[in-house]
Amino acid sequence: MAVHLTRHTDTFSTSPQIHPADLQEIAALGFKTVINNRPDGEGGTEQPTSVQIEAAALAAGLRYAYLPVVSGQITEPQARRFAELLAMSPKPVLAFCRSGSRSQNLYRITSGQSAAQQLAGPAPACHWGDSHDIVIIGGGSAGIGLAASLLKRQKNVQIAIIEPADKHYYQPAWTLVGAGEFDPQASVRPMEAVMPAGVTWIRAAASGLDPDNNKVMLDNGSAITYQYLVVAPGLKLDWQAIPGLQEALGSHGVTSNYRFDLAPYTWSLVKSLKGGKAIFTQPPMPIKCAGAPQKAMYLSCSEWERQGLLAQIDVHFHNAGGVLFGVQDFVPPLMDYVKRYDATLHFHSRLVAIDGPGRRAWFADKDANGEWVRTEQNFDMIHVVPPQTAPDFVRESTLANAEGWVNVNQATLQHVRHANVFSLGDACSSPNAKTAAAARKQIVVVAENLLALRAGDALPARYDGYGSCPLTVEKGKIVLAEFGFGGKLLPTFPLDPTVPRKSAWILKKNILPWLYWEAMLKGREWLARPLEN
Ligand code: FAD
C-alpha cells in the first residue's frame, strides 16, 4: 500500500502524510477513525487540506478529526483533546502528521506513565524545566566520545546525554560481521558501560527542538533546558521508504549489514550461496560509510572466489549515484576488483520496491535518453543499504538546513544561527564522509570550541573534513581511503593510500575497534587532534 503504517497497538497506528486517494485503502484495512495532526498549509501546495481529507474519509465511511499541533510544541490542552478523541472514537484509529512522529508523541504522552516508561526505561525523573549546563542529544559514537572529551578537559562540567537506547554499537565492525570476520557480540556494549562517569543519562528520545528558548522536548512528554546544546543523534535509516523491504529483511535472501541483527544473516547467505544472482544496492548520498554498500560486495565475492564459486554467481551492483566512489583517486583500484570479480555495475539505478518471497526487486534506472524507467530483477541474495535522512525531529526543527541536517559552520561545527548549539557526527550538515572516523576528529573540535565559547574566548579549533573509509576489497586486504573536504587525501601513514594492504586490514580488524572502545569513547584523543586557527 502507498501509506507507511506504524502499528503501535491493535487499536492505534500512525503514518506520515496521507492523501485523499489513500482513504479507501485505509478503510479497507479496517480502520474506523482518522486523526489529522498536521496544520493546514505547513507543506505548501503538495499538502492536501484537512477539508479534502475529511471529504475522502467520510466517503470511505471513516470518522475524521482535525487536531493540528506544531512540531515540538505540543500543549497540555492538545494532549488532553487527543486523549478524548482516542477514548471516544471508533477503533482502530489512524493518526498522521508530516512524518508520523507528532501523532506518535501525542499518543505516548496521552497513553500515560506506563507507555512513557516503556520507552524511557527506569529513567531518572525529568520534569518540565529541568536544566543542564551542556545537553548532548545522542549517546552514539559522537555523543559519548564528546562527553568523555569534555570531561577530560574539565572534570566538573555538568553534562546530560539524552539517549533512549540501552545498547551502544560499534557499527564499523558490521561490514566484517557480514563476512564472517568479526564476532557480532564484540560490536555491542551496554549503554551504561560506555556512559562516562558523572554524566546524567536521560533515558528518553528527543522529540522536538526549541532553540529560541534553549529547550529540548522529550518523547515522554517532558522537556529540559540547556546553556549549550550538542545535537548528535546520528541519522535515520529509512527502511520503510522501499515498499516490501521491512517485511522481507532477514529472510528470502534479503539482508543488510546496516543492522546489527542482520549482518550475521549476510554471512550465512554468502556461505550458503553456491550459484545464482547476487545483488548489492547503494541508495542516494549522503549515507553513513559511503563505501559500505560496495564493501559488502567485495567481501562476498572474495569468499565465493575462495570457494571456487565465483564463476557460478552473477554479481550486480546497483548504485543510485553516477560514480563508484566519491574520491576519484580510489576509483582505479576499486575498478580492478570490480573486473576481478566480474561484477556488473549499474549507475543511476535505485532500488524502489522488493518482493522477498517472490525474490524480485524493482529499480528506477536512468536510460540512455535520461528518462527514468522501472526494471525488474530476480535475485537469490540481495544486500540492501536503505535511503538515509536526518532524524525527523531534526528535519522538522528550525536548526535544520534545507536538506534536513543540523546547519553548522563546517569548520567550527557551531550552528550558523544559534551560537550555543553545536552538532557533530552523522546528523550535522558538514559535507564530510559520515563516519566514526570523522566523529573522532570532530569531537576534539567541538570540545575545544564549546569550552572556549563558555569561557568567553574565540573558537580555537577547525575541522578539515577528515573522514575515513577502509575499503575492504578482499579478505585480508584494505584500501585505506582517508580524505577531507573536497576529496583532499589525508593519509595517516606515509604510504600510497590507493594500494590495497594487509596492514590496513589488521588496523581495521584488530586495532580500530580497540581504539574506539578504549580511546575515542574515553576521551583519549589519539589520532584526533584538530587544526589550530
Ligand atoms: P550513531 O553512532 O549512530 O549514534 C546515534 C545515537 O543517537 C544512537 O545511540 C541513537 O540511539 C541516538 N538517538 C537517535 N535518535 C535519538 C533521539 N531522538 N534522541 C536521543 N538520541 C537519539 N565509520 C567508520 O569510521 N569506518 C567504517 O568502516 C564504518 N563502517 C560502517 C559500516 C556500517 C555497516 C555502518 C552502519 C556504519 C559504518 N560507519 C563507519 C559509520 C559510523 O558507524 C557512523 O558514522 C557513526 O556511528 C556516527 O556516529 P553518530 O554518533 O553520529 O551516530
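For the structure, check the block above.
What you are looking at is a predicted structure, and each value in this text was computed from that prediction instead of being measured. (Residues numbered from 1 in each chain as written. Predicted model: local features only at pLDDT ≥ 70, side-chain atom pairs only at ≥ 80, totals over all residues. Heavy atoms only, no water.)

Q: It is not clear to me how the overall build of the protein chain should be interpreted in this structure. Could you clarify?
A: Secondary structure summary: the protein chain contains 15 helices and 28 strands in total. In terms of overall size, the protein chain behaves like a compact globule, its C-alpha atoms giving a radius of gyration of 24 Å where 533 residues would be expected to give roughly 24 Å. Seen along its three principal axes, the alpha-carbon backbone of the protein chain occupies a region of about 65 × 60 × 40 Å. Here the protein chain has roughly 21500 Å² of accessible surface; of this, 52% comes from carbon and sulfur atoms. With 49 positive and 47 negative side-chain charges, the protein chain shows a spacing of 5 Å between the two charge centroids. (Helix = DSSP H or I, 4+ residues; strand = E, 2+ residues; numbered from the N terminus. Rg over C-alpha atoms; globule rule 2.2 N^0.38 Å. Areas by Shrake-Rupley, 256 points an atom, 1.4 Å probe, with all protein chains shown as cover. Lys, Arg positive; Asp, Glu negative; His and termini not counted. Charge placed at Lys NZ, Arg CZ, Asp CG, Glu CD.)

Q: Hey, could you run me through the packing of aromatic side chains in this one?
A: The relation between two aromatic rings is expressed through the spacing of the ring centres and the mutual angle of the planes. Applying the stated criterion across every chain, the model contains 15 aromatic pairs. Ring geometry for Tyr463 versus Phe485: centroids 5.5 Å apart, planes at 80°, classification edge-to-face. One end of the pair, Tyr463, is in the loop between β25 (461–462) and β26 (467–474); the other, Phe485, is in the loop between β27 (477–483) and α15 (502–518), with 22 residues separating them in the sequence. Stacked on the ring of Trp201, the Lys or Arg Arg203 has its end atom at 3.9 Å from the ring centre. We note Lys434 situated over the ring of Trp405; from NZ or CZ to the ring centre the distance is 4.1 Å. (Phe/Tyr/Trp six-rings, centres within 6.5 Å; stacked < 30°, edge-to-face > 60°. Lys NZ or Arg CZ within 6 Å of the ring centre and 35° of its normal.)

Q: When you look at the layout of surface pockets in this model, what are you seeing that I'm missing?
A: Left-over empty space is what a probe sized like a water molecule reveals as it rolls over the atoms. The calculated volume of the second largest pocket comes to roughly 510 Å³. Lining the second largest pocket are 32 residues, with Met285, Ala290, Gly326, Asn432 and Ala433 positioned closest to its centre. Partitioned by chemical class, the residues of the lining of the second largest pocket number 16 nonpolar, 15 polar and 1 charged. (1 Å grid on protein atoms, 1.4 Å probe; cavity = no way out; pocket = protein on both sides within 12 Å on 5 of 7 lines; lining within 4 Å. Points joined across faces, edges and corners; volume = space filled by probe spheres on them. Nonpolar A, V, L, I, M, F, W, Y, C, P; charged D, E, K, R; others polar.)

Q: Where do I start with the site of the ligand in this structure?
A: Around the ligand, a shell composed of 33 residues is seen, among which Ala142, Glu163, Ala206, Asp426 and Ala437 lie nearest. In this structure, Ser141 approaches the ligand through a side-chain N or O atom, which is 3.0 Å from an oxygen atom. Measuring from an oxygen atom of the ligand, one finds a side-chain N or O atom of Gln171 at 3.0 Å. Starting from 1000 Å² of accessible surface for the ligand in isolation, the protein chains cover 89%. For the shell around the ligand, the elements supplying multiple residues, two or more each, are α6 (141–153), α14 (436–454) and β26. Looking at the shell around the ligand residue by residue, the classes come out as 16 nonpolar, 11 polar and 6 charged. (Near = heavy atom within 4 Å. Polar contact = N/O pair within 3.5 Å; in protein donor to acceptor, adjacent residues only side chain to side chain.)

Q: Before we go on, may I ask you to explain the pairing of β26 in this structure?
A: Across a regular strand the side chains alternate sides, sitting on one face of the sheet and then on the other. Summarising burial for β26: 8 of the 8 residues are buried, a large majority. As paired elements, β26 and β27 share 6 bridges and run antiparallel to each other. Considered in β27, the bridge of Glu474 is made with Lys477. In sequence, β26 turns back onto β27 through a hairpin of 2 residues, with Gly476 there showing a positive phi of about 100°. (Buried < 20%, exposed > 50% of the residue type's maximum accessible area, 1.4 Å probe, protein only. Pairing = 2+ DSSP bridges.)

Q: So what exactly am I meant to see when it comes to the sheet that holds strand β5 (residues 93–96) here?
A: Through backbone hydrogen bonds, the strands of a sheet pair up, either in parallel or in antiparallel fashion. Taken in spatial order, the 5 strands of this open sheet run β1-β2-β5-β3-β4, and their pairing is mixed. Sheet topology places β1 (6–7) and β4 (63–66) at the edges, where each strand pairs with a single neighbour. When β1 meets strand β2 (residues 12–15), the two strands line up antiparallel, connected through 2 bridges. Across the sheet, the residue bridging to Thr6 is Thr14, located in β2. Helix α3 (residues 76–88) contacts β2, β3 (33–36), β4 and β5 of the sheet and is inclined by roughly 170° relative to β3. (Contact = heavy atoms within 4.5 Å. Axes fitted to C-alpha atoms, helices over the stretch in contact; angles between N-to-C directions.)

Q: Can you walk me through the environment of Arg108 in this structure?
A: Looking at the secondary structure, you find Arg108 in helix α4 (residues 101–110). Sequence spacing of Arg108 and Ala79 is 29 residues, and the spatial spacing of their C-alpha atoms is 9.7 Å.

Q: Looking at this structure, I do not really get helix α11 (residues 292–306). What am I missing?
A: It helps to recall that an α-helix has 3.6 residues per turn; residues three or four apart then point in one direction. Between its first and last C-alpha, α11 extends 21 Å over 15 residues, near the 21 Å set by a 1.5 Å rise per residue. Counting buried positions along α11 gives 13 out of 15 residues, so the element sits mostly inside the fold. Phi for Gly308, located one or two positions after α11, is positive at around 75°. (Expected span 1.5 Å × (residues − 1).)

Q: Explain the pairing of strand β20 (residues 360–366) to me, please; I cannot follow it from the model alone.
A: For β20, the tally of buried residues reaches 5 of 7 residues, placing the bulk of the element in the interior. In terms of strand pairing, strand β19 (residues 349–355) meets β20 through 6 bridges, oriented antiparallel. Looking at the pairing, Leu351 lines up with Phe363 of β20. Counted between consecutive antiparallel strands, the loop separating β19 from β20 contains 4 residues, among which Arg359 sits at a positive phi close to 50°. Hairpin connection between β20 and strand β21 (residues 372–378): a loop of 5 residues separates the two successive antiparallel strands, and Gly370 in this loop has a positive phi of roughly 80°.

Q: Looking at this structure, I do not really get the environment of Gln307. What am I missing?
A: Along the chain, Gln307 turns up in the loop between α11 and β17 (313–319). The exposure class assigned to Gln307 is partly exposed, which follows from its relative accessible area of 30%. C-alpha of Gln307 to C-alpha of Lys271: the two residues are 36 residues apart in sequence and 9.2 Å apart in space. The contacts of Gln307, once residues within four sequence positions are left out, are Lys271 and Lys274. Among the polar contacts made by the side chain of Gln307, one reaches the side chain of Glu303 at a distance of 2.9 Å.

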